[in-house]
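Chain by chain, the residues:
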Amino acid sequence: MTAHQIIAFLTVLGLSSFAIIRFKLFKATGLSVTWRLGLWGLKILASIAVLLLYTHFYPKETADLYKYFQDGKTIATKSPDFATYIRTISGVDMDNPQVTKLTNSTNHWNRKYLDGVWNDNRSIIRINAVLYPISGGSILTHSIVFAFLAYLGLSLLLLGMQRFISGEKWLAIAVFLIPNLFLWSSGLLKEAILMLNTGILFFAASALYEKFSIKHLLLLLLSFVLFFMTKIYVLICIFPALLYLLFAKQFKRKIAYFFSIHIVVILIMIFAGLTSEKLDFAHIIDRKQQDFVNMVEISEEVGSKVEVPNVEPNIFSVISKAPVGIYHSILRPHPTEWNSPVKLLAGLENYALLFLLLLAVFKSGKIETKHWHFLGFSIAFVLIFYAIIGLSTPVLGALVRYKIPALPFIGACIVLLLKSNNRLRE
């Protein structure tokens, strides 16, 4: 490492640790400094582990982590002038010939298999392009920055959940330390940004659940913008749950309200799809599935392919095939597919979470109204999200990573149900 890279790494490490110790947001979690720094230390180790995994286990040419980093490097080092660099990272005046020439010199800015879905690669490439001059080209520093962004998102998620579930330590374990969530949100990957977005959204939504404020409404809208720039389908999946939570206090009949919200959302989706193909949820899922299938067909390095049912571009096709997607997300990879450490970890985690969830349901005690509201949100989000990624992801390795936004909600539900019967104590 050069002197620039060493200084950048130590500066990022020092500033992030200082923030975790001193900033009010992190203190508000109720966790001690020892716990906060301990979780951050584990996050750093996981970030290094992901970097080593992608360096020595996956071919660098096809590894997402290196794709985004190298293209960010290209934009940062080959921009003909500062104005072109600013245009590229800001997205302003992207038709400029210099910008077009620059982006054409990258390898993954334009995806050959893309057909109608937002190219979220570009958002991650842009972040790497911004970080590159600061880091001096240290991929380790980039990884630590992404790990911190995920840590911030998970802290916001923890704060939001604490409005519904008492206690700090067990809930922190459920939010931070589910193995695949812990690992894949720590690397230089989209999942780190996705967990930041999810944390911002749920923190704002939980605050609005308690009391309306312009500040938290603006924060919620910010999370929408961030989802549009990265994973818009996650926002679509979480939207019915969000509507349910925001207005849950206004309705006494919880079950009737829960199903009514989803019927209304389906009708809205049908109407939106009739007005514009870009707003058609079923079309987006159909395109996402086709994009992934196209990527698998042109790639020589993709393994662990699985058959997924063909989704037609209408909402009824998505609904009818949703149980298959949920099944894939909950139980794949099967024990016969545990042919690598990553799949073994994912498979064991699936069965452990399913066992703990069933145990928590049978051992649960009295559930208060606000607990029902959180459970309703989690059930709506997890099932819809699992259905969509299970239908649109024909690669097991990708499925393991893609489903991590749902994991902290599953973990929190387990903690809530066990606490309801005093099965867990701080």
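Our structure is the block above this text.
Residues numbered from 1 in each chain as written. Predicted model: local features only at pLDDT ≥ 70, side-chain atom pairs only at ≥ 80, totals over all residues. Heavy atoms only, no water.

Student: Explain the packing of helix 16 (residues 315-331) against helix 17 (residues 341-363) to me, and be specific about the residues and the numbers.
Tutor: Interhelical geometry of helix 16 versus helix 17 gives an angle of 105° and a closest axis separation of 8 Å. Viewed along their axes, helix 16 and helix 17 adopt a mutual orientation that is roughly perpendicular. Across the interface between the two elements, S329, I330 and L331 of helix 16 pack against N350, Y351 and L354 of helix 17. For the contact of helix 16 with helix 17, the per-class residue count stands at 4 nonpolar, 2 polar and no charged. (Axes fitted to C-alpha atoms, helices over the stretch in contact; angles between N-to-C directions. Helix = DSSP H or I, 4+ residues; strand = E, 2+ residues; numbered from the N terminus. Parallel < 35°, antiparallel > 145°, perpendicular 65-115°, else oblique. Contact = heavy atoms within 4.5 Å. Nonpolar A, V, L, I, M, F, W, Y, C, P; charged D, E, K, R; others polar.)

Student: Could you give an account of a nonpolar patch on the surface, naming the residues involved and the relevant values?
Tutor: A surface patch of nonpolar side chains, amounting to about 340 Å² of accessible area, comprises L42, L45, I48 and L52. Looking at the secondary structure, you find L52 in helix 3 (residues 33-56). Given a relative accessible area of 46%, L52 falls into the partly exposed group. (Patch = residues over 30% accessible without salt bridge, like charges linked within 9 Å, V, L, I, M, F, W, Y side chains within 5 Å. Areas by Shrake-Rupley, 256 points an atom, 1.4 Å probe, with all protein chains shown as cover. Salt bridge = Lys/Arg side-chain N within 4 Å of Asp/Glu carboxyl O. Buried < 20%, exposed > 50% of the residue type's maximum accessible area, 1.4 Å probe, protein only.)

Student: So, unusual backbone geometry: which residues are in play, and what are the values?
Tutor: Of the consecutive residues R332 and P333, the connecting peptide bond is found in the cis state with omega at 0°. Take P333: it is sitting in the loop between helix 16 and helix 17. We note that D93 has phi near 60°; this positive angle belongs to a residue other than glycine. Within the element layout of this structure, D93 appears in the loop between helix 5 (82-90) and helix 6 (97-104).

Student: So, the pattern of salt bridges: which residues are in play, and what are the values?
Tutor: With the rule as written, the count across this model stands at 6 salt bridges. E210 serves as the salt-bridge partner of R163, at 3.5 Å between the closest nitrogen and oxygen. Within this pair, whereas R163 is found in the loop between helix 8 (139-161) and helix 9 (169-176), its partner E210 is found in helix 11 (residues 190-210), the two being separated by 47 residues in sequence. By relative accessible area, E210 is classed as partly exposed at 45%. Through salt bridges that share partners, D64, K67, E191 and R401 make up one connected network.

Student: Describe the side chain of T103, naming the residues involved and giving the relevant values.
Tutor: In this fold, T103 is placed in helix 6. There is a polar contact of 3.1 Å between the side chain of T103 and the backbone oxygen of T100. Once you skip the residues sitting within four places of it in the chain, T103 turns out to touch T88, M94 and W109. (Polar contact = N/O pair within 3.5 Å; in protein donor to acceptor, adjacent residues only side chain to side chain.)

Student: Break down the packing of aromatic side chains for me, with residues and values.
Tutor: Within the structure shown, the criterion is met by 25 aromatic pairs. Look at F164 and Y209: their rings are 4.9 Å apart centre to centre, the planes differ by 45°, and that puts the pair in the tilted class. One end of the pair, F164, is in the loop between helix 8 and helix 9; the other, Y209, is in helix 11, and 45 residues separate them in sequence. For F164, a relative accessible area of 1% translates into the label buried. Taking 5.4 Å as the distance between ring centres and 80° as the angle between the ring planes, the aromatic pair formed by F202 and F409 counts as edge-to-face. With F202 in helix 11 and F409 in helix 20 (residues 407-419), the pair connects residues that are 207 residues apart, well separated along the chain. With respect to class, F202 is no different from F409; both count as buried. Through successive ring pairs, a cluster of aromatic residues spans F164, F202, Y209, Y233, F374, F377, F381, F385 and F409. Above the plane of the ring of Y402 lies K231, whose end atom (NZ or CZ) is 4.8 Å from the centre. (Phe/Tyr/Trp six-rings, centres within 6.5 Å; stacked < 30°, edge-to-face > 60°. Lys NZ or Arg CZ within 6 Å of the ring centre and 35° of its normal.)

Student: Hey, could you go over helix 18 (residues 369-392) for me, with residue numbers and the actual values?
Tutor: Compared with an ideal rise of 1.5 Å per residue, which puts 24 residues at 34 Å, helix 18 spans 35 Å between its outermost C-alpha atoms and is within 8% of the ideal. Within helix 18, 18 of the 24 residues are buried, leaving the element largely enclosed by the surrounding structure. (Expected span 1.5 Å × (residues − 1).)

Student: Go over the environment of N350, please, and point to the residues and values.
Tutor: Its place among the elements puts N350 in helix 17. In this structure, the C-alpha to C-alpha distance between N350 and I330, residues 20 residues apart in sequence, is 6.3 Å. When sequence neighbours within four positions are dropped, the list of residues in contact with N350 reads S329, I330, L331, R332, P333 and K403. At 2.7 Å, the side chain of N350 and the side chain of K403 are in polar contact.

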